[in-house]
Amino acid sequence: MGAPEALLEQFAALALAVVGLVTLTVGVRLLLRAAETRGLPELLFGIGFVAGTLGVVGSQLGQRLVWTEPGTALFTSMTAAGFALQVAGTVALYAVIWRVFRPGPGWGAALFAAGSLVATGAWLLRLFDGDFGAADLHVRGLFIFQCTRLALFCWSSTEGLLYASRMRRQIALGLGSTGAHNQIFFWGAAGVLMIFTTLLIIVPIFVMGMQSPLDHPVTTVLATLPALFTSLFMWWAFFPPAWMEGRLVWGEAR
């Protein structure tokens, strides 16, 4: 491996560590807030972020440092557990988007149920196929799961950006809060970036045949930069800085 490739790999590792740390911190803070307020959205967001981060980062670190031998009982059980955490995080995020933006028994509830069932079914499919004991990612259960994640982020980003657009019109009439608008906007923007991040998992692995997006410099950069901005936008969405309160960060209020 040459010097540029080594530096790029180190950058990717650092970027993913930052993303994992920020996401985990946001999730823990939301769980602590939920313990105080008894709020369901905070609880679901917290579960989604903590479970998803532990499932992804924990699995990656574990496979490289602890359960390093595919086919062993430890490797199989821990990989299955890590993927279960990712599924749990995905189901929690489906639930919170439904409850926040489309409460009630309508199509939002149906989309939550469908997404949750497909994500859970992807875990069961990997179990039945015996995928958890192998290091190969070119498996149908993982492909289905990533497609479910893609649908989730398409839904969440659309809801967030549409709601922010409606709030801009309210602000123009003196009826809305710029701070609340900015939080919703950054949540929607983070969802857009997660669409790209998910596609940069699906396309390199399942279309280009790579074992990981980090196998090529171009896909490494394309995967890590959106992830870094996603973590920043998520932080601003849930714990906005003071400067957000007095200004509209995107779009004209009219």
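Anything mentioned here points back to the structure above.
In this report, we go over the structure that sits alongside the text. Predicted, not measured: the structure shown is a model, and the values here were computed from it.

For the second largest pocket, the calculated volume is near 300 Å³. Considering the residues around the second largest pocket, the lining is formed by Leu30, Arg33, Pro41, Glu42, Phe45, Val100, Phe101, Gln183, Ile184, Trp187, Ala237 and Phe238. Every element with two or more residues in the lining of the second largest pocket is listed here: helix H1 (3-37), helix H2 (40-65), helix H3 (73-101), helix H6 (178-207) and helix H7 (217-238). Each residue belonging to the lining of the second largest pocket can be placed in one class, and the counts come to 9 nonpolar, 1 polar and 2 charged.

Attention now moves to the packing of helix H5 (residues 140-172) against H6. Between H5 and H6, whose axes approach to 8 Å, the crossing angle comes to 155 degrees. Comparing the axis directions of H5 and H6 gives the class roughly antiparallel. Between H5 and H6 lies a crossing whose hand is left-handed. Split into classes, the residues belonging to the contact of H5 with H6 amount to 23 nonpolar, 9 polar and 2 charged.

This next bit is on the side chain of histidine 181. Here histidine 181 shows up in helix H6. Of the polar contacts made by the side chain of histidine 181, one reaches the side chain of arginine 168; its length is 3.4 Å.

Ranked by internal contacts, the top residues of the largest apolar core, which has 34 residues, are Val26, Leu30, Phe45, Phe49, Ile97, Trp187 and Phe238. Of the residues forming this core, the biggest block, 9 residues, is contributed by H6. Residues contacting phenylalanine 49, with those up to four places away along its chain left out, are Thr23, Val26, Gly27, Leu30, Leu93, Trp187, Met234 and Phe238.

Bringing a nonpolar patch on the surface into the picture now. There is a patch of nonpolar side chains on the surface, built from Val56, Val57, Leu61, Leu65, Val66, Leu74 and Met78 and spanning about 610 Å² of accessible area. Sorting the residues of the nonpolar patch by element identifies H2 and H3 as the ones contributing at least two each. The greatest single-element share of the nonpolar patch, amounting to 4 residues, is contributed by H2. When you line up the elements, leucine 74 lands in helix H3. Residue leucine 74 is classed as partly exposed on the basis of its relative accessible area, which comes to 43%.

For the rest of this paragraph, the subject is helix H4 (residues 107-129). Here H4 contains 23 residues, and its C-alpha end-to-end distance of 32 Å stays within 8% of the 33 Å for a straight helix at 1.5 Å per residue. When we look at burial in H4, the residues that qualify are Gly108, Ala109, Gly115, Ser116, Ala119, Ala122, Leu125 and Arg126. Elements in contact with the buried residues of H4: H3 and H5. One or two residues past the end of H4 sits glycine 130, with phi positive at roughly 75 degrees.

A few words now on the packing of aromatic side chains. What the rule picks out here adds up to 20 aromatic pairs. Where phenylalanine 49 meets tryptophan 187, the ring centres are 6.4 Å apart and the plane angle is 55 degrees; that geometry is what we call tilted. Of this pair, phenylalanine 49 sits in helix H2 while tryptophan 187 sits in helix H6, and the two are 138 residues apart along the sequence. Tryptophan 187 matches phenylalanine 49 in its accessibility class, with the two residues each being buried. Taken together, a centroid distance of 5.6 Å and an interplanar angle of 40 degrees make the contact between tryptophan 123 and phenylalanine 132 tilted. Classification of tryptophan 123 as partly exposed rests on a relative accessible area of 21%. Residue class for phenylalanine 132 comes out buried when judged on its relative accessible area of 3%. What links up through ring pairs into an aromatic cluster is the set Phe185, Phe186, Phe229, Phe233 and Trp236. Sitting above the plane of the phenylalanine 83 ring, arginine 126 keeps its charged end 4.8 Å from the centroid.

Looking now at the pattern of salt bridges. Counted according to the given criterion, the structure contains 2 salt bridges. Arginine 102 serves as the salt-bridge partner of glutamate 159, at 2.7 Å between the closest nitrogen and oxygen. Remark: arginine 102 occurs in the loop between H3 and H4 and glutamate 159 occurs in helix H5; sequence separation between them is 57 residues. Residues arginine 140 and aspartate 129 are paired through a salt bridge, measuring 2.7 Å at the closest nitrogen-oxygen approach. One end of the pair, arginine 140, is in helix H5; the other, aspartate 129, is in helix H4, with 11 residues separating them in the sequence. Residue class for aspartate 129 comes out partly exposed when judged on its relative accessible area of 32%.

Procedures and definitions
- Residues numbered from 1 in each chain as written.
- Predicted model: local features only at pLDDT ≥ 70, side-chain atom pairs only at ≥ 80, totals over all residues.
- Heavy atoms only, no water.
- 1 Å grid on protein atoms, 1.4 Å probe; cavity = no way out; pocket = protein on both sides within 12 Å on 5 of 7 lines; lining within 4 Å.
- Points joined across faces, edges and corners; volume = space filled by probe spheres on them.
- Helix = DSSP H or I, 4+ residues; strand = E, 2+ residues; numbered from the N terminus.
- Nonpolar A, V, L, I, M, F, W, Y, C, P; charged D, E, K, R; others polar.
- Axes fitted to C-alpha atoms, helices over the stretch in contact; angles between N-to-C directions.
- Parallel < 35°, antiparallel > 145°, perpendicular 65-115°, else oblique.
- Left-handed = near helix turned anticlockwise from the far one by under 90°.
- Polar contact = N/O pair within 3.5 Å; in protein donor to acceptor, adjacent residues only side chain to side chain.
- Core = buried A, V, L, I, M, F, W, Y, C linked by side-chain atoms within 4.5 Å.
- Buried < 20%, exposed > 50% of the residue type's maximum accessible area, 1.4 Å probe, protein only.
- Contact = heavy atoms within 4.5 Å.
- Patch = residues over 30% accessible without salt bridge, like charges linked within 9 Å, V, L, I, M, F, W, Y side chains within 5 Å.
- Areas by Shrake-Rupley, 256 points an atom, 1.4 Å probe, with all protein chains shown as cover.
- Salt bridge = Lys/Arg side-chain N within 4 Å of Asp/Glu carboxyl O.
- Expected span 1.5 Å × (residues − 1).
- Phe/Tyr/Trp six-rings, centres within 6.5 Å; stacked < 30°, edge-to-face > 60°.
- Lys NZ or Arg CZ within 6 Å of the ring centre and 35° of its normal.

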